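Chain by chain, the residues run as shown.
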Amino acid sequence: MREIASILRSSELFRELSEATLLQLATLAVRRSVGGGTFLFRQGQPRQACHLILQGQVEIVKDSGDGAERLILLGPGDTAGEGAFLHASQHTTSAQTLDNAVLFEFDRAKTLALLATDGQAAVELLSRVALVLNRRLLYAGSSRTGREQGYASGATRPEHDLLGDAEVPVDALFGVQTLRAMQNFPITGIPLSHFPALLRALAMVKQAAARTNGRLGLLDPRIADAIDQASQEIINGHWHGHFLVDMVQGGAGTSTNMNANEVIANRALELLGHKRGDYAFCHPNDHVNLGQSTNDVYPTAVRLATIFMLRGLLGSLEKLKIALHAKGGQFRDVIKMGRTQLQDAVPMTLGQEFEAFAVTTGEDIDRLRETARLFLEVNLGGTAIGTGICADPRYPQAVVEELRNITKLEMQLAGNLIEATPDTGAFVMFSGVVKRTAVKLSKMCNDLRLLSSGPRCGFQEINLPPMQPGSSIMPGKVNPVVPEVVNQVAFHVIGNDLTLTLAAEAGQLQLNVMEPILAFNLFQSMQMLSSAVNVLTTKCIIGITANEAHCRNLVEHSIGIVTAVMPALGYKRATEVATLALETGVPVREIIRTKGWLTEAQLEELLSPEAMTRPRPLTLGNGE
């Protein structure tokens, strides 16, 4: 039991429990060996056990209705499902092993039965669970007020920088420069942690730098390894709650870079056996930032993060394209009127209309992929202004090669680092393509709203899935709320593109200090657009149905079908038919039949709705 108790003490959850409590819990620990792909628990299932990972990796994912998203990657010493000790409510996430794993499992019922007989053990364990969960919330919340309240009652440690001394929360991985930035930039209330892709990108850059500096003999191997490991933990999803600087900040991203440097340095200190803030053994600037400047780290990380976030947007668009293709097939025989300038034009099929939506979505996917390749070129190693000051001459090429290995992307060192350092042209081009995508999606949603308008006084050609009551005063009203929200997201993306364009233009001399707002707007556009597309696909497109009989009736009574007989009648006679049909309400077919201008066989052939939806040989007349 003492051996098991010793293992338990290595975990954050059990670390500060008394020996007596640990020994009691050790009697409940059930050792399990499981293969890769095993679910320890699933989202929506009741909480039944807590798991302490001894070997292997466990992925925590959450599905919000549009596919599973990884939240964090757990490893030895981490626990999953500790909330089971507090209540038996449903899991809000799923936990799955990525490889063969060994773990201790603590059954909820048995653990609570034990605690019911030992008040001291109950107080110790449940207090520890509450503390661990509180820390996670503290460093994951986006509320500025919540963070301040949390810090006000906590212990602090002194730190010093250029401006003097400051008190940093003792359990914070960030340091004094991050603290000052939090105080200086209460702008949006959206911290860096809101965009995990950016944190992973920053950690990858720091990891590449540490490996390169270690290999070049510029950094003590032990320190390099600790920085490497700390960076990998961030890449895996740990410690994101300690990145609390506001996304919009002055200083060209220096606060972001220092937030990363301090978190990595303090975590590396722990891995080296030292306390947080003991920077003599691993310094945020001297070690983590060695050979770097904000001016090459930040733009490189923003480029990487854009590529990472694009994967989510592309995935959403691919699902939308597939759903639209499916509707194109489902509606291929539904004849309807096409319209130009909101006036009757010529017949088409509803399937053709949806297939066109699918094709245009596919074009956007291709353009986004093509333009994103511009972000593979980085200025890493150029340091302050591109001259490479304070970096080893071997460093630029070597660090980009290391970054290529870490990211599995075709990263390339810019040909001219002085030119590349202030250049934000790639962001202008890419944001333009994101805007193009938003504009076309908004146009599609406009069409969906028109086509579904009614139910009695509109087009009423299609039915959108009813998602919620549409009015607080008009009974029975159901609104096209999903297309409406996509429209609004598109407007926001268009505005973000303008802000980004102005930020790119505002660059001066050897640096563009406006990159934080550029990054914030681009990330926000991609994140919102990805979510909007997922909602559009799952809550609208998939459930659309057609009013086939109504669509065909509109075609049969449309004046626009006279276009099909125009080559045979001539423009003058066709115009006369259209005018009479409009004035009298008599169908086009009957007017032509009465006038005797075409035979019954010709009428059947020329006015076949199905035939009018595709090219065919012309039947020409003399117009007399």
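Structural data are supplied above this passage.
None of the values given here were measured: they were computed from a predicted structure. (Residues numbered from 1 in each chain as written. Predicted model: local features only at pLDDT ≥ 70, side-chain atom pairs only at ≥ 80, totals over all residues. Heavy atoms only, no water.)

A. Focus on the environment of L179. For L179, the position within the fold is in helix α6 (residues 176–184). Note: C-alpha distance between L179 and P587 (408 residues apart in sequence) is 76 Å. Once you skip the residues sitting within four places of it in the chain, L179 turns out to touch A166, E167, V168 and F174. (Helix = DSSP H or I, 4+ residues; strand = E, 2+ residues; numbered from the N terminus. Contact = heavy atoms within 4.5 Å.)

B. Quick look at unusual backbone geometry. Cis geometry is found at the peptide bond from G454 to P455, where omega equals 10°. Inspection of the secondary structure assignment puts P455 in the loop between α15 (425–451) and β15 (462–463). In this model, K408 sits at a positive phi of 65°, which is unusual for a non-glycine residue. Its location among the elements puts K408 in the loop between α13 (395–407) and β14 (412–413). Taking the relative accessible area as the measure of exposure, K408 reaches 71% and is therefore exposed. (Buried < 20%, exposed > 50% of the residue type's maximum accessible area, 1.4 Å probe, protein only.)

C. View of the pairing of strand β10 (residues 164–169). Summarising the sheet, strand β9 (residues 156–161) and β10 pair through six bridges and their orientation is antiparallel. The residue bridging T156 from the neighbouring strand is P169, located in β10. Between β9 and the antiparallel strand that follows it, β10, lie two residues. (Pairing = 2+ DSSP bridges.)

D. Representation of the sheet that holds strand β4 (residues 58–63) within the structure. If you trace the four strands from one edge of the open sheet to the other, you get β2-β7-β4-β5, paired in antiparallel fashion. Of all the strands in the sheet, just β2 (39–41) and β5 (68–74) have a single pairing partner and so form its edges. Ignoring strand direction, the axes of neighbouring strands in this sheet form an average angle of 30°. Pairing analysis gives two bridges linking β2 to strand β7 (residues 94–97), with the strands arranged antiparallel. (Axes fitted to C-alpha atoms, helices over the stretch in contact; angles between N-to-C directions.)

E. Region of interest: the pattern of salt bridges. As enumerated under the stated definition, the model contains 29 salt bridges in all. For R70, the salt bridge identified is with E59, shortest N-O distance 2.8 Å. Residue R70 is located in strand β5, and its partner E59 is located in strand β4; the two are separated by eleven residues in the primary sequence. R70 sits in the partly exposed class, given a relative accessible area of 34%. For the salt bridge of E270 with R276, the shortest nitrogen-to-oxygen distance reads 2.5 Å. Because the salt bridges share partners, they merge into one network encompassing R211, R215, D228 and E402. (Salt bridge = Lys/Arg side-chain N within 4 Å of Asp/Glu carboxyl O.)

F. Fine view of the sheet that holds strand β3 (residues 49–55). Reading across from one edge, β1-β8-β3-β6 is the order of the four strands in this open sheet, with antiparallel pairing throughout. Two strands bound the open sheet, and with one partner strand each, they are β1 (30–34) and β6 (79–80). Along the sheet face, helix α3 (residues 108–116) touches β3 and β8 (101–107) and points at about 50° away from the line of β8.

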